[in-house]
Amino acid sequence: MQRKHIFILFLLCLPLLVSAQKKEISAARDMVKANKTLPKAEEMMRKLLNDSSNLRNEKIWVVLFDAVRKQYEAGNEQLYLKNKYDTAQLFINARKMFQIYEAYDSVDITLCKKAGAVPKDRKKHAEFLLPYRKNIYTGGQFFLQKKDYAKAYDFFDTYIGCIDHPLFSLHKLAESDTHLSDAAYLALYSGYKLKDVKKTLKFKDLALSDTANMNNKLQYLAETYLSMKDTDNYIHAMEAGFERFPLSMYYFPRLFDYYFRVKQDVAKSDSLCKGALRADSTNMVFLLAKSSILLEKNEYDSCIKVCDGLIARNDTLADAYLNAGLAYYNQAVKLESDAAVARNNRARLRSLYKSALPYLQRYRELSPSARDRWGFPLYTIYLNLNMGKEFEEIEKILKQ
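Cut-offs and rules
- Each chain carries its own residue numbering, running from 1 in the written order of its sequence.
- The model is predicted, so local features are restricted to residues of pLDDT at least 70 and side-chain atom pairs to those at 80 or more, both for listing and for counting; the totals for chains, interfaces and linings are taken over all residues.
- Computation of side-chain values: all heavy atoms of the structure, hydrogens and water removed.
- Secondary structure elements are taken from DSSP: a helix is a run of H or I of four residues or more, a strand is a run of E of two residues or more, and numbering for both begins at the N terminus.
- Based on C-alpha atoms, the radius of gyration is set beside the globule rule, defined as 2.2 Å times the residue count to the power 0.38.
- Only protein chains enter the accessibility calculation, which uses a 1.4 Å probe; a residue whose area is less than 20% of its type maximum is buried, one above 50% is exposed, and one in between is partly exposed.
- Positive charges are assigned to Lys and Arg, negative charges to Asp and Glu, while His and the chain termini are left out of the count.
- The location of each charge is read from NZ of Lys, CZ of Arg, CG of Asp or CD of Glu.
- Each axis is a line fitted through C-alpha atoms, taken for helices only over the stretch in contact, and angles between the N-to-C directions span 0 to 180 degrees.
- Oblique is the label for any angle not under 35 degrees, not over 145, and not in the 65 to 115 range, which are roughly parallel, roughly antiparallel and roughly perpendicular in turn.
- Left-handed describes a crossing in which the near helix is turned anticlockwise from the far one by less than a right angle; the clockwise case is right-handed.
- It only takes one pair of heavy atoms within 4.5 Å for two residues to be counted as in contact.
- In this description, a nonpolar core means a group of buried Ala, Val, Leu, Ile, Met, Phe, Trp, Tyr and Cys residues linked to one another through side-chain atoms lying within 4.5 Å.
- What a helix is expected to span follows from its residue count: subtract one and scale by 1.5 Å.
- Contacts described as polar in this section are N or O atom pairs within 3.5 Å, which, within protein, must combine one atom able to donate a hydrogen with one able to accept it, while residues neighboring in sequence count only if both atoms come from side chains.
- Put simply, a disulfide is two cysteine sulfurs that come within 2.5 Å.
- Every residue is assigned a pLDDT by the predictor, reflecting its confidence on a scale from 0 to 100.
- Each patch is built from salt-bridge-free residues with over 30% relative accessible area, joining like charges within 9 Å and nonpolar side chains (Val, Leu, Ile, Met, Phe, Trp, Tyr) within 5 Å.
- The Shrake-Rupley method, run with a 1.4 Å probe, gives the accessible areas here. Residue values count only the displayed protein chains as cover.
- The term salt bridge refers to a pairing of a side-chain nitrogen on Lys or Arg with a carboxyl oxygen on Asp or Glu at a separation within 4 Å.

Caption draft 1: Focus on the overall build of the protein. Tallying secondary structure elements over the protein gives 22 helices and zero strands in all. Against the 2.2 N^0.38 benchmark of 21 Å for 400 residues, the protein shows a C-alpha radius of gyration of 35 Å, more extended than a compact globule. With the principal axes as the frame, the protein shows a C-alpha extent of 110 × 55 × 50 Å. Counting across all 400 residues of the protein, residues that qualify as buried make up 42%. Between the averaged position of the 62 positive side-chain charges in the protein and that of its 48 negative side-chain charges there is a distance of 5 Å.

See the structure below:
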């Protein structure tokens, strides 16, 4: 019985609610006609639309749109007259007009009685909005310059979104718009700056469809995939970047580190290094990587030759000293591993340790905190060369 009473009460109140709604619409319409308190009129209509039962009321949508349109026009006039006006608000109102008509078009579809019928106002609304669409793109650029990446993304999202929205289906924007890939790149950048993975990746295919700014695009994508721990896509982006921009110091060092140190794939690392050296045979980063590969492949003489060449060009290149020192040191350790061979080659063994010594001492000077790399080799060398004072010092360090 209680539910019945509530229902009867609702039926009694319904005419009052409808009457109040009409008064709200009428009052807002009067504000729009008088071109006064337009934000208030907008607020009143949005409040009505918060009730889903009002979404099919065309009058509410019309008054809402006109309230926003007149705000935009008033702002545009002020800027034209070179009067003070909030430029950001002008762009915001332009975007609101798109949001209103796009939302209404989605509602209008539900009002079509025939399947496949086109909403009656679609053509008119699309033709009205299209001249303003460039302001959506410009608005995105405006907020990007202000470093307001969230708003910038929203504008580029709205701009690109037009190509798939039914409201603009007759205009084939995907085919005619020459700024789409640029907008997609700026949306990708905005998402990247926001550290928002979903926004960064939303338009990546469209952004990559144009070669402009490709270096930046691939770096932003690589960083995004890395933050996601998506190794496959991270490496794919890095390899695409290296293929296009082999001289960039972003791609090669990271790829080399991944294949050489993480995956321990010497063959892949070697291939990568050869590709880099084809692009620039004198690049010190590429040559240093080559020396690491030569060391790993036990091609010691070649490794030392490359390292000596690097040191001659830059005597503070720590890893060049390390690789050259280890090239001598590893030969000595290998020789010493066979006691019989070592006994018959004491002079050779001593010579190798003596050759390794200055390289590893210099590496220690340049990288004092890398004791895990220089500690034990120097310990072994001092022991074999009977360098008591140095041996005692390094032994204390290793015990710490």
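Caption draft 2: Just the packing of helix H7 (residues 149–161) against helix H9 (residues 180–193), in detail. Interaxial distance between H7 and H9 falls to 9 Å at its minimum, and their mutual angle equals 150 degrees. The orientation of H7 relative to H9 falls into the category roughly antiparallel. When the axes of H7 and H9 are compared, the crossing they make is left-handed. Note on element contacts: H9 touches H7 through Leu180, Ala183, Ala184, Leu186, Ala187, Tyr189, Ser190, Gly191 and Lys193, opposite Tyr149, Ala152, Tyr153, Phe156, Tyr159 and Ile160.

Caption draft 3: Representation of unusual backbone geometry within the structure. Positive phi outside glycine occurs at lysine 229, with the angle close to 60 degrees. In this model, asparagine 386 sits at a positive phi of 55 degrees, which is unusual for a non-glycine residue. Mapped onto the elements, asparagine 386 comes out in the loop between helix H21 (371–384) and helix H22 (388–399).

Caption draft 4: Local environment of the nonpolar core. Grouped together as the largest cluster of nonpolar side chains are 123 residues, with contacts concentrated most on Met45, Leu129, Phe156, Phe168, Phe252 and Ile381. Considering every element that reaches this core, the biggest residue donor is helix H18 (residues 318–336), with eleven residues. The residues contacting phenylalanine 156, other than those within four sequence positions of it, are Tyr137, Gly140, Gln141, Leu144, Ala183, Leu186, Ala187 and Ser190.

Caption draft 5: Structural context of helix H15 (residues 266–279). Under the 1.5 Å per step criterion, the end-to-end length of H15 is 20 Å for 14 residues, consistent within 8% with the ideal 20 Å. The complete set of buried residues in H15 reads Ser269, Asp270, Leu272, Cys273, Gly275, Ala276 and Leu277. Those residues of H15 that are buried lie in contact with helix H13 (231–244), helix H14 (251–262) and helix H16 (284–296). Of the residues that open H15, the one with a side-chain oxygen 3.4 Å from the backbone nitrogen of alanine 267 is aspartate 265.

Caption draft 6: Spotlight on the state of the cysteines. Following the criterion strictly, the structure yields zero disulfides and no others. No disulfide involves cysteine 307; its sulfur sits 4.1 Å from the nearest other cysteine sulfur, which is in cysteine 303.

Caption draft 7: Highlighting the confidence of the model for the protein. In the predicted model, the protein carries a mean pLDDT of 92, and the fraction of residues at 70 or more is 93%. Confidence drops under a pLDDT of 50 for residues 5–14, and excluding neighbours within four residues, the segment shows one contact in the predicted structure.

Caption draft 8: Main features of a positive patch on the surface. A cluster of basic residues, Lys22, Arg29, Lys33 and Lys59, forms a positive patch on the protein surface. When residues in the positive patch are grouped by element, the largest group, three residues, is from helix H1 (residues 2–34). Checked against the element boundaries, lysine 33 lands in helix H1. On the basis of relative accessibility, which here comes to 63%, the residue lysine 33 falls in the exposed class.

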